[in-house]
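Summary of structural features
The primary structure of each chain is shown beneath.
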Amino acid sequence: MSLSKPISARRLVPALFPLAHADAASAAAARRERRRDTFVATPPVPAPSPSAVRLAEPLPTLAPSRLAFHNRILALLSGPQADLPEAALLTRHALHSNCRPSSFTCAAVLAALLRARRLDDFFALHRFALQAAVPPTAATHVLYLSALAARRLPDDALHHLRLLARPGPPVPPSPTAYRVVVECLVADHGRLADAVELKDEMLDSGFVGPDPKVYSLLMAGFVGAEDGAKAVELYQELKDKVGGEPVLDGIVYGSLMKAYFLMGMEEEAMECYKEVLGVESEVKFRAESYNEVVDALGQNGRLEDAVKLFDRMLGEHDPPLRIAVDLRSFRVMVDAYCAAGRFEDATAVFRRMGEWKLVPDVASYNNLIRHLGLNKLIGEAEVLYSEMCECGVGANEETHVLLMEACFNVDRIDDGISYFDKMDGLELRPDAAAYHKIVDGLVSFSMLDRAQEYFDQMKGKGVSPSISSYETLLKAHVAAGQLDNAAKVAKGILLDEKAVFSDEMRELLEGALRGDGREDDITKLYEDVEREKAEAEAQAAEEKARAEALAKEERDRRRAEAAAKDEAAAKASAAAIEAILTHKRKMENGVSPSDANSLDGGFLSKLGLKSAGEDAL
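Residues numbered from 1 in each chain as written. Predicted model: local features only at pLDDT ≥ 70, side-chain atom pairs only at ≥ 80, totals over all residues. Heavy atoms only, no water.

Comments concerning the overall build of the chain
Note the cut-off: By the criteria applied, helices consist of DSSP H or I runs no shorter than four residues and strands consist of E runs no shorter than two, each listed in order from the N terminus. The buried label applies to any residue whose accessible area, calculated with a 1.4 Å probe on protein chains only, is under 20% of its type's maximum; exposed applies above 50%, and partly exposed to all values in between. Contacts: residue pairs with any heavy atoms within 4.5 Å of one another. All accessible-area figures derive from a Shrake-Rupley calculation using a 1.4 Å probe, and residue coverage is judged against the displayed protein chains alone.
Looking only at helices and strands, the chain features 29 helices and 0 strands. Within the chain, the fraction of its 617 residues that count as buried is 38%. Of all intrachain contacts in the chain linking residues separated by at least 6 positions in sequence, the fraction that spans at least 24 positions is 59%. Carbon and sulfur atoms make up 54% of the accessible area of the chain, which totals about 35900 Å².

Next up, the structure:
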């Protein structure tokens, strides 16, 4: 650049500062050019498919109104002003509102309903949540499986879990889901083969590895079935699954020790105990794991070792950092003392719950009442019952049945019946098992008429009698020579779809009737059963047809009303259009303004309206 030529500022500024411009127009043009060069077209985000799987929204991402609603529900579920019915009702109403509850809000309410054993409300809210497209979580599935187990529907729980374990699920099954179903199959129904098959499916699915809790439940089931060898085999299988190393979860060792005791291998059981609970042991024990070992020791004549381990648990208990003792710990110690016949010590250890800030629940009271009742200590059992009423621990159906059986054991028949009758005043609903116990107890005291009354009461309240109740009454009536009543009971068995008339009961009844020379009554009984079954089927078909006819009539009525409304609207619309067209034609033909006003008035009167000055003076 030659310095002999003058350099103007207008030429120098753009050279030194590329973003500087001489005037506003050039600056705007440069900005438009830069925007054009830097703009990158992004394709529009497609809308989510209606069939796409929705996952639960995390709590931090919720809108403030939904988060406030969640906190409000949690406040209703806990604290001094807890109101579970109100929380369930608010959640159910909010499912179709602008402030919809989240998946975690629904799960909290469902868990509270399950704890309160309000299963009908649980299933209703769960169904409403699914219909409102609230995405279920792993906790929701576990709660649903637990509710099915509480309702004693193992096949439904098994089917639901297998649906969750299909390939590519949005929410894969958790280990807790398998634990719930395995416990339902083993502890409640004794279906060990199905539980073992489910364990194999768990391992093959790839979602859950070898879970020690599942193996512990299976081992406990085989110990209960007196098959200790299979329990030991399951432990070896679990050990192989974790690489041949010792299992570091202490939950399996209680069942393993019980299996050794069952097989007469006491030395192996105690060696296992010393090895896993030694000072240098790496096995981790929690309250549940300790409880199983204490129970194994206490139920097999090792009370002193059980007491030492229980004292160690109390020493390690340091809530909230470490929970080594819970309510079941005291229950297993009560069982151990009662197995040794030391009922005063059992009551004393039950009283120590308050020292560790544990409040006895209904299960704890029922456990001690059961032991006292079986050993004819009815006075101590009634003292515990009075404490339950004073402390606000509501006695349930099991409590009253246990007290009834305790009274029957000491021949206090009227007191036992009164305990059973108290359930009506407390709005408790005894099930078929409870009714069977009072029926069986009254039959054992030769009070057949009272037993028949409670049997009829059970059927009147909509409770399906168990086959045991049927057979108890049938045998009692045959033994008492009341063959007419026996035939009525047999007829009830044959008409009950859930009961099976066994060959033994059939031979007993037919033999009694033949011995009394009433062979014709046998044929008449079966003919009456077939006739009533046919009548019931015909009545059901007739009611179904009547319901379908009423539904069709209602649909036709609604369609007729809708057609009538459409026809009336069409006529009104046609009349209005015709009036407008007539007015327009007359105006085009040169009608005077006064005539036009009269036409407007006529048109408005047809529509039910008035002109502006029609009522003016």
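This is not the end of the story, as more comes after the structure.
A word on empty space enclosed by the protein
The criterion, for reference: Whether a set of points on the 1 Å grid over the protein atoms alone is a cavity depends on a 1.4 Å probe fitting there but being unable to get out, while an open set qualifies as a pocket with protein on both sides within 12 Å along at least five of seven lines; lining residues are those with an atom within 4 Å of a point. Grid points are joined across faces, edges and corners, and a volume is the space filled by probe spheres set on the points. Under the scheme applied, nonpolar residues are Ala, Val, Leu, Ile, Met, Phe, Trp, Tyr, Cys and Pro; charged residues are Asp, Glu, Lys and Arg; polar residues are all the others, including Gly.
On inspection of all chains with the given rule, the structure shows 1 cavity of 30 Å³ or more. Space inside the largest cavity adds up to approximately 70 Å³. For the lining of the largest cavity, the secondary-structure elements that each account for two or more residues are α5 (103-115) and α6 (119-131). Sorting elements by how many residues they give to the lining of the largest cavity places α5 first, with 4 residues. Here the lining of the largest cavity is composed, by residue class, of 8 nonpolar, 3 polar and no charged.

Structural notes on the nonpolar core
Note the cut-off: Throughout, nonpolar core names a set of buried Ala, Val, Leu, Ile, Met, Phe, Trp, Tyr and Cys residues whose side chains join them through atoms within 4.5 Å.
Counting residues in each nonpolar core, the largest one holds 120 residues, and the members touching the most others are Phe-122, Tyr-253 and Leu-309. Of all the elements, α5 adds the most residues to this core, at 9 residues. In contact with Leu-309, not counting residues within four places along its chain, are Tyr-273, Leu-277, Tyr-290, Val-293, Val-294 and Leu-297.

A word on the packing of helix α9 (residues 175-188) against helix α10 (residues 192-205)
We apply this condition: Fitted lines through C-alpha atoms give the axes, limited to the stretch in contact for helices. The angle between two N-to-C directions lies from 0 to 180 degrees. Convention used here: angles under 35 degrees read as roughly parallel, angles over 145 as roughly antiparallel, angles from 65 to 115 as roughly perpendicular, and any remaining angle as oblique. Crossing chirality is assigned from the near helix's rotation relative to the far helix, an anticlockwise turn below a right angle marking it left-handed and a clockwise turn marking it right-handed.
Contact pair α9 / α10: the axes reach a minimum separation of 8 Å and the direction vectors enclose 165°. Between α9 and α10, the angle is such that the two are roughly antiparallel. Considering how the two elements wind past one another, α9 and α10 form a crossing that is left-handed. For the pair α9 and α10, contact is made by Tyr-178, Val-181, Val-182, Leu-185 and Val-186 and by Leu-192, Asp-194, Ala-195, Leu-198, Met-202 and Ser-205, respectively. Each residue belonging to the contact of α9 with α10 can be placed in one class, and the counts come to 9 nonpolar, 1 polar and 1 charged.

A few points about the packing of aromatic side chains
Which entries qualify depends on this criterion: Between the rings of Phe, Tyr and Trp (Trp by its six-membered ring), a pair exists once the centres lie within 6.5 Å; its type follows the angle of the planes, with under 30 degrees stacked, over 60 edge-to-face, and the other angles tilted.
Within the structure shown, the criterion is met by 11 aromatic pairs. Consider the rings of Phe-123 and Tyr-144, whose centres lie 6.0 Å apart with planes at 85°: the pair is edge-to-face. Here Phe-123, found in helix α6, pairs with Tyr-144, found in helix α7 (residues 138-150); they are 21 residues apart in sequence, far enough to count as distant. By relative accessible area, Phe-123 is classed as buried at 17%.

A short note on the UniProt feature "repeat: PPR" (unreviewed entry) in the chain
This is how the line gets drawn: UniProt positions are given in the numbering used here, feature names are shortened, and annotations may be inferred rather than shown by experiment.
Mapped onto the present numbering, the UniProt feature "repeat: PPR" (unreviewed entry) falls at residues 174-209, 286-320, 326-360, 361-395 and 431-465. The span residues 174-209 carries 78% helix and 0% strand; its end-to-end C-alpha distance comes to 10 Å. Here residues 326-360 is 63% helix and 0% strand, with 10 Å between the C-alpha atoms at its ends.

Things to note about a negative patch on the surface
Threshold: Exposure above 30% relative accessible area and no salt bridge define the residues that can form patches, which grow by joining like charges within 9 Å and nonpolar side chains of Val, Leu, Ile, Met, Phe, Trp and Tyr within 5 Å. The salt bridge definition used is simple: a Lys or Arg side-chain nitrogen within 4 Å of an Asp or Glu carboxyl oxygen. We treat Lys and Arg as the positive residues and Asp and Glu as the negative residues; His and chain ends play no part in the count. One atom stands in for each charge, and that atom is NZ of Lys, CZ of Arg, CG of Asp or CD of Glu.
Where like charges cluster on the molecular surface, the negative patch consists of Glu-267, Glu-268, Glu-271 and Glu-275. A relative accessible area of 63% means that Glu-267 is categorised as exposed.

With respect to helix α16 (residues 303-316)
Within an α-helix, residues lying three or four positions from one another point in the same direction, as the helix has 3.6 residues per turn. Formally: Expected helix span is taken as 1.5 Å per residue step, with the number of steps being one fewer than the number of residues.
The terminal C-alpha atoms of α16, which comprises 14 residues, lie 20 Å apart, in line with the 20 Å expected from a rise of 1.5 Å per residue. The complete set of buried residues in α16 reads Leu-303, Asp-305, Ala-306, Val-307, Leu-309, Phe-310, Met-313 and Leu-314. Elements in contact with the buried residues of α16: α14 (266-276), α15 (287-298), α17 (327-339) and α18 (343-351).

What to know about helix α24 (residues 448-460)
Quick reminder of the rule: Here the arc refers to the directions that run from the helix axis out to each C-beta atom.
The end-to-end C-alpha separation of α24 is 18 Å, in line with the 18 Å expected for 13 residues at 1.5 Å each. Leu-448, Ala-451, Gln-452, Tyr-454, Phe-455 and Met-458 are the residues of α24 that are buried. Projected onto a plane normal to the axis of α24, the buried residues spread over an arc of 165° and lie on a single side. For α24, the exposed residues lying more than 90 degrees away from the buried face are Asp-449 and Gly-460. Buried residues in α24 make contact with α22 (413-425), α23 (432-444), α25 (467-479) and α26 (483-495). Residue Gly-462 follows α24 closely and has a positive phi angle near 80°.

Some words on unusual backbone geometry
Cis rather than trans, the peptide bond between Pro-319 and Pro-320 has omega equal to 0°. Residue placement: Pro-320 occurs in the loop between α16 and α17. For Ala-133, which is not glycine, the phi torsion reads 65° and is therefore positive. For Ala-133, the position within the fold is in the loop between α6 and α7. On the basis of relative accessible area, Ala-133 is assigned to the partly exposed category, the value being 38%. Unusually for a residue other than glycine, Glu-226 sits at a positive phi of about 60°.

Considering the pattern of salt bridges
Tallied over the full model, the rule gives 43 salt bridges. A salt bridge links Lys-461 to Asp-424; the nearest nitrogen and oxygen atoms lie 2.6 Å apart. Residue Lys-461 is located in the loop between α24 and α25, and its partner Asp-424 is located in helix α22; the two are separated by 37 residues in the primary sequence. Of the charged contacts, one joins Lys-552 and Asp-556 as a salt bridge, the two residues approaching to 3.2 Å between their closest N and O atoms. Of this pair, Lys-552 and Asp-556 both sit in helix α28 (residues 519-588), 4 residues apart, which is roughly one turn of the helix. A relative accessible area of 47% means that Lys-552 is categorised as partly exposed.

Here's the deal with the packing of α16 against α17
Where α16 meets α17, the closest approach of the two axes is 11 Å, and the angle between their N-to-C directions is 160°. The orientation of α16 relative to α17 falls into the category roughly antiparallel. With respect to the hand of their crossing, α16 and α17 are arranged in left-handed fashion. Judged by residue contacts, Leu-303, Ala-306, Val-307, Phe-310, Met-313 and Leu-314 of α16 engage Ser-329, Phe-330, Met-333, Ala-336 and Tyr-337 from α17. Class assignment for the residues of the contact of α16 with α17 results in 10 nonpolar, 1 polar and no charged.

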